[in-house]
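If you want the building blocks of each chain, they are given just below.
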Amino acid sequence: MKKLDFLNFNNEQWRYWVIYALLALIFSFYTYRLFVIQIVDGEIYQAQAEENRTSFQSLPTQRGNIYDRNGTILARNVPSYNVVITPAELPEDTGSVQEIYRQLSKVIKIPVSRGTINDDTVKNFTPCLNNLGITEIVYIQNSLAPFKPVRVACDIDEVTAKIIREKSSDWPGVDVEIEPVRDYPTGDLTAEVIGFLGPIPASQEQEYRDRGFLPGRDKVGFAGVELSMNNELEGSPGRRVVEVDVSGKVIRDLEPPVPAVPGKNIYLTIDTRLQAAAREALVSELNYWNNRLGKIISLQGVVIVMNPKTGEILAMVNYPSYENNRLARFIPAYYYNQLYNDPYKPLLNHAISGEYPPGSVFKLPTAIGVLNERVVTPDYVVEDPGEITVTERFYENDPGRPRRYVCHKAEGHGQVNFLKGIQESCNVYFMKVGGGFGTEVPGNGLGIWRIDEYAKALGYGSATGIELPGEAEGLIPDPTWKRLNIGENWSTGDTYISVQGQGFVLATPLQMAVATATIANDGVMMKPTLIKEIRDSDGQVVFKNSPVQVRDITKDKVINIFDENNIPTGEKKSVEPWTIELTQQGMRLVVTQGTASVQFNGFPIPAAGKTGTAEYCDDIARQNNLCDFGKWPAHAWFAGYAPFDDPEIVVVAFVYNGKEGSTFAAPIVRRTMEAYFCLKNIDAGEECGF
Amino acid sequence: MRRTELWRHFDFWLLGAVVILSVFGVVMIRSVIAGNIDLAGYDRRQAIFAAIGLAVILITTLIDYHLWSTLAQPMYIVVVALLVVIFLTGQARFGAARWLSFGIIDIQPAELAKIAMIMVLADYFARNIHSEKNLRWILRSFAMTAAVVVWILLQPNLSTSIVIMVMWASMLWISGLPPKYLIIFLLLAIVAAGALFPFLEQYQQERVINFIFPNPNARHGDNYNVEQARITIGDGGLLGQGYGSGSQVQLRFLKVRHTDFIFAAMAEEFGFVGTVVIVGLLVFVIIRCLRAARLAADPYGSLIAYGVAILIFFQTSVNIGVNLNIIPVTGLTLPFISYGGSSLVTLYFAVGLVESVAARRKTTEDITGA
């Protein structure tokens, strides 16, 4: 019986076969899947495994230094010490952690606990810039990235750093991080030229990452030479390809590491001593007038010193400036906003980015043009009664209406020839020869088209190409420009205004320096430059800047020839050297007998120059209701060079709202020239002499 | 039965395969724990457990399996009692508790329950071999099973619960479950799965949801382990990266690699060829157990061997299925290879039962002669 049951039991063999079939089915399918994953798709997963274990590490490089022409450091890297805590490395029991916090708190003067943790504090959490206690900072970091160190105290002094370093074996999780921070020993003296650094912009993040730079660690130039020379300064980060385990711990190098290449060092043409002297001249002049007149006349100015023969910029002073050291670690929002909202725009390098009416300095291109185009001879005498009236015509048969133009000297300069015109900066002379006046100067005089030709030949109206970011082009208006932008025809009066460097005409202080240098250098225009040489980190000169001649207006045919209808004929001519020579003589007379003779009285080096007083109307003036006729404020300019016979420097001084070029700007130029020749004597081992 | 006869039918092939698998398991554990301080010494412990297990096999073989039949009732009571105790202590500790600590050894009662249920259910179905295969027959066995499973489910330990339920279902099957009930049960199971889903623990729900709807953004999230397991397997290629040289294993990208994902570790270091050999050995073990079941002297012995075969079959296929990302993560280990003392000794005991059955089988002549 029992045997029969047993047979019964095992007789349903098909039920076993179902199990066998299941077994075969499942394991065949698994073998198939295994085959697909390991053999068919094996390479994909092998690549992923490779990616898992391979990590590319960027080794930080060192940004190059910036020096002045004498090797004075203008920008360098200094170590800064931060206390960091890695939450995951702290001891496990809270008691020990609290003990570490308590001891650390005493050293770094940050309370163990301060502030509260809520959505806002977590969202706005910025290391180095918060009011939280150690516990709160570590709590936030622990929730974000427990294996990454967080900065608890920043920029601690070296002694404290050493104390914490020594304690770090007792305080697991606590360490001192050394961060290179940009340091600008000359600070606001050179801020506009040197600029500052900032974080890698999000828009360029990928590009920088591809080259090995890391946002958060590496910084890029945001302004000045730091920006324009960024490619030379930044160096190139090293690269390691390493095998890492799942926690990111480095096991070994997979490839020989590529060491970081430090950035190159830039030597500028700036002479810091001269820069300081020029700034002192500017600031003391501003203070003098503000104090003397008992009110704020001006708080802004620019001084440029340039070698006319090489184009080297020896000084480029902006005032007011900003303290770029305050932007070195990070850019504090309140300070940046304060600078940004300042009406004088201290973040802007006004020497190259500020566009102002150039005033009477702009008479010089007209002067050269008048002689070169033979509008009048140098001896031709024009009457300046102090005031002239012309009929303002906007088109050929416009009956017009009379308009009054005045000389800055109410009774007029009387009989004026070419040299006296420059010497006294006679408005009427230049209005008449520039725009024509009845029978005295027939026709339209030189005319706006040809005035523009000579202005452009001297460098106005286009960027000079100096190695700085944000250079402005200025504006040399012509009738076409006016029709397009103002919607009005050009009138005789527009020419009269333009000749005086007012109205629509705009120039940067650097353009004026280049134009003056071109005249001083007998018509040869040199490209202005800030870079003297570039050296690699070993001190080897890798680039030596040599002077670049832009043009020689006495040889290069740069002046378009117009027909009687002011249509360019397509032919060009150059400037005859004698016209420049006479202009130089006029400029010499300015400082010996003319508008700046008082300011240059007793100056031992023969100098030459031209004053400029440019009426303007801008946002600041409009706020003060100064934009009405007769009340317009004026900028003060002076562009000079010395020595007269063999010019070594061109100095341009600009004083915003400076009223009068001779009184405000000329003394700055004189003092800057004194400083230059004093330094020259000292460098030659002699007495200063000034 | 005489001694010589006992060893004549002893399945040396089965024992051999199990020993090879265990040795391989120790070797594999040695590789995956390299450099991990927390897991240091696990290879040695596993080897000791394997040695104990070998003794367990021999001892169990010597014991006539019919002894277990008489112990079925007390064993059942003890298992339920242990599970209740662990449930209550777990409640007291506000968390899942699966272990009972007896000084030096920790016992996982759920592991014990697997084996106990094989024997209890085998006993039940063998006794009722002549009963009508009706609903009463089914429900009585279900009640017996459910009384154990409910405590395991409450631990909560879903995977072991499923193992025991599968065992029960497979016993029903082999004992002659009429196909109409099979269809009804399948439908019921589907409905029940849907209805019970909301009662699962949250992490269990998430595992299932994650499997059905993988979140493509979850790099380090819940898909991380299976994703890394797949990369690890794929990295093995045809012949593997070599013992101790799999980067995914050695650099610890593969998680829980000494238990749940040891299959993936093996696949990386020994490749397709090595893995197929090991899987083949496991299949061979299952086939030998089924063979013992088919040749058993009586229904009770047959059902025990069959139950062990199903246990190994189910655990193996689920574990490999998880590794290959075919089914959701369950936490079932790979028999004989994954680290785990309780599980290993339990499995050895199970193999011992099969050997006991095989050794006391009817000879081929007995069957064909009748």
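None of the values given here were measured: they were computed from a predicted structure.

Caption draft 1: Quick peek at the overall build of chain B. Of the regular secondary structure elements, chain B holds 15 helices and two strands. Counting over 370 residues, chain B shows a buried share of 55%. Partitioning the contacts of chain B with sequence separation of at least 6, the portion at a separation of at least 24 is 74%.

Caption draft 2: Region of the structure containing the interface of chain B and chain A. Each partner contributes to the interface: chain B provides 59 residues, whereas chain A provides 40 residues. Between chain B and chain A lies a buried interface of about 4,300 Å² when both sides are counted; carbon and sulfur atoms form 71% of it. Seen at the junction of chain B and chain A, the total is one salt bridge. Here B:Arg252 makes a salt bridge to A:Asp245, at a shortest N to O gap of 3.1 Å. The interface formed by chain B and chain A holds 13 residue pairs in polar contact (both at pLDDT 80 or more) in total. If you list the elements that add at least two residues to the side of chain B that touches chain A, you get helix H7 (158-174), helix H10 (224-236), helix H11 (247-250), helix H12 (262-295) and helix H13 (299-323) of chain B.

Caption draft 3: How the structure looks around the side chain of A:Asn318. Residue and element names in this part refer to chain A. Mapping Asn-318 onto the fold places it in strand S12 (residues 313-319). For Asn-318, the side chain forms a polar contact with the side chain of Asn-349, separated by 2.7 Å. Sequence-distant contacts of Asn-318, that is, excluding residues within four places in its chain, are made with Glu-192, Arg-279, Gly-301, Val-302, Leu-348, Asn-349, His-350 and Ala-351.

Caption draft 4: Quick peek at the domain arrangement of chain A. Taken as a whole, chain A is organised into domain 1 (54-72 + 185-268), domain 2 (77-178) and domain 3 (272-683). Look at where the C-alpha atoms of domain 2 of chain A and domain 3 of chain A centre, and you get two points 57 Å apart.

Caption draft 5: Examining the pattern of salt bridges more closely. Residues and elements named next belong to chain A. Under the definition given, this model contains 42 salt bridges over all chains. In this structure, the salt-bridge partner of Asp-188 is Arg-279, at a minimum N-O distance of 3.3 Å. Of this pair, Asp-188 sits in the loop between strand S5 (174-183) and helix H8 (191-194) while Arg-279 sits in helix H12 (residues 272-293); the two residues are 91 residues apart in sequence, bridging distant segments of the chain. Residue Asp-188 is classed as partly exposed on the basis of its relative accessible area, which comes to 28%. Ionic pairing is found between Arg-273 and Asp-683, a salt bridge with its closest N-O pair at 2.9 Å. Pair noted here: Arg-273 is in helix H12 and Asp-683 is in helix H24 (residues 661-683), with a separation of 410 residues, a long-range link. A relative accessible area of 32% means that Arg-273 is categorised as partly exposed. A cluster of three or more residues bridged by salt bridges with shared partners is formed by Glu-50, Arg-53, Glu-243 and Arg-252.

Caption draft 6: Spatial organisation of the sheet that holds S12(A). All names here are of chain A. Sheet architecture is open: five strands sit in the order S12-S11-S25-S24-S23, paired in antiparallel fashion. Single-partner strands in this sheet number two, and they are S12 and strand S23 (608-615). On average, each strand axis in the sheet is inclined to that of its neighbour by 5°, with strand direction left out of account. Looking at chain direction, strand S11 (residues 301-306) and strand S25 (residues 649-655) are connected through six bridges and run antiparallel. Bridging from a neighbouring strand, Ile-304 pairs with Val-652 of S25. The sheet contacts of helix H22 (residues 577-592) involve S23 and strand S24 (634-642), and relative to S23 the element is tilted by about 80°.

Caption draft 7: The confidence of the model for chain B, seen in detail. Averaged over chain B, the pLDDT score is 83; the fraction of residues at 70 or greater is 88%. The spread of mean pLDDT over the elements of chain B runs between helix H15 (residues 364-369) of chain B, the lowest at 50, and H12(B), the highest at 93.

Caption draft 8: Geometry of unusual backbone geometry. Residue and element names in this part refer to chain A. Geometrically, the link from Tyr-319 to Pro-320 is a cis peptide bond, its omega value of 0° lying close to zero. Residue position: Pro-320 is located in the loop between S12 and helix H13 (333-341). The omega angle of the peptide bond from Ala-642 to Pro-643 is -10°, so this bond is cis rather than trans. Positive phi values are uncommon outside glycine, yet Lys-109 reaches one of about 60°.

Caption draft 9: Spatial organisation of the packing of helix H2 (residues 12-32) of chain B against H12(B). All names here are of chain B. Put simply, H2 and H12 touch, their axes get as near as 10 Å, and they point 160° apart. Overall, the two elements H2 and H12 adopt an arrangement that is roughly antiparallel. Remark: the crossing between H2 and H12 carries left-handed chirality. Facing Trp-13, Leu-14, Ala-17, Val-18, Ile-20, Leu-21, Phe-24, Met-28, Ile-29, Ser-31 and Val-32 of H2, the residues of H12 in contact are Ile-262, Ala-265, Met-266, Glu-269, Phe-270, Ile-278, Leu-281, Leu-282, Phe-284, Val-285, Arg-288 and Cys-289. Looking at side-chain class alone, the contact of H2 with H12 contains 20 nonpolar, one polar and two charged residues.

Caption draft 10: Geometry of the packing of aromatic side chains. Applying the stated criterion across every chain, the model contains 44 aromatic pairs over all chains. Consider the rings of A:Tyr16 and B:Tyr306, whose centres lie 5.9 Å apart with planes at 85°: the pair is edge-to-face. Of this pair, A:Tyr16 sits in helix H2 (residues 13-40) while B:Tyr306 sits in helix H13, each in a different chain. For B:Tyr306, a relative accessible area of 0% puts it in the buried group. Of the aromatic side chains, those joined through ring pairs into one cluster are A:Phe600, A:Phe603, A:Phe638 and A:Phe690. The side chain of A:Arg535 reaches across the aromatic face of A:Tyr267, ending 4.3 Å from its centre.

Caption draft 11: Layout of the sheet that holds strand S1 (residues 54-59) of chain A. Residue and element names in this part refer to chain A. The sheet built from three strands is open, its strands ordered S1-S8-S9 with antiparallel pairing. This sheet does not close on itself; its edge strands, each paired only once, are S1 and strand S9 (250-253). Taken over all neighbouring pairs, the strand axes of this sheet differ in orientation by 45° on average, direction set aside. Strand direction decides the pairing type here: strand S8 (residues 238-244) and S9, joined by three bridges, are antiparallel.

Caption draft 12: Representation of empty space enclosed by the protein within the structure. With the rule as written, the count across this model stands at two cavities of 30 Å³ or more. Approximately 50 Å³ is the volume found for the largest cavity. Together, A:Tyr30, A:Thr31, A:Leu34, B:Phe263, B:Thr275, B:Val276, B:Val279, B:Ile320 and B:Leu324 line the largest cavity. When residues of the lining of the largest cavity are traced back to their parent elements, those giving at least two are H2 of chain A together with H12 of chain B. A per-element tally of the lining of the largest cavity places H12(B) first, with four residues. Broken down by class, the residue content of the lining of the largest cavity amounts to seven nonpolar, two polar and no charged. Considering only enclosed or pocket space, the second largest cavity measures out at about 40 Å³ in volume. What lines the second largest cavity is simply B:Glu111, B:Lys114, B:Ile115, B:Leu311, B:Gln315, B:Ser343, B:Thr346, B:Leu347 and B:Ala350. When residues of the lining of the second largest cavity are traced back to their parent elements, those giving at least two are helix H5 (109-127), H13 and helix H14 (341-359) of chain B. At four residues, H14(B) tops the list of elements feeding residues into the lining of the second largest cavity. For the lining of the second largest cavity, the class distribution of residues is four nonpolar, three polar and two charged.

Conventions and cut-offs
Residues numbered from 1 in each chain as written. Chains lettered and ligands numbered in written order. Predicted model: local features only at pLDDT ≥ 70, side-chain atom pairs only at ≥ 80, totals over all residues. Heavy atoms only, no water. Helix = DSSP H or I, 4+ residues; strand = E, 2+ residues; numbered from the N terminus. Buried < 20%, exposed > 50% of the residue type's maximum accessible area, 1.4 Å probe, protein only. Contact = heavy atoms within 4.5 Å. Buried area = accessible area lost by both parts, 1.4 Å probe. Salt bridge = Lys/Arg side-chain N within 4 Å of Asp/Glu carboxyl O. Polar contact = N/O pair within 3.5 Å; in protein donor to acceptor, adjacent residues only side chain to side chain. Domains from an automatic or database assignment. Pairing = 2+ DSSP bridges. Axes fitted to C-alpha atoms, helices over the stretch in contact; angles between N-to-C directions. pLDDT = per-residue confidence, 0-100. Parallel < 35°, antiparallel > 145°, perpendicular 65-115°, else oblique. Left-handed = near helix turned anticlockwise from the far one by under 90°. Nonpolar A, V, L, I, M, F, W, Y, C, P; charged D, E, K, R; others polar. Phe/Tyr/Trp six-rings, centres within 6.5 Å; stacked < 30°, edge-to-face > 60°. Lys NZ or Arg CZ within 6 Å of the ring centre and 35° of its normal. 1 Å grid on protein atoms, 1.4 Å probe; cavity = no way out; pocket = protein on both sides within 12 Å on 5 of 7 lines; lining within 4 Å. Points joined across faces, edges and corners; volume = space filled by probe spheres on them.

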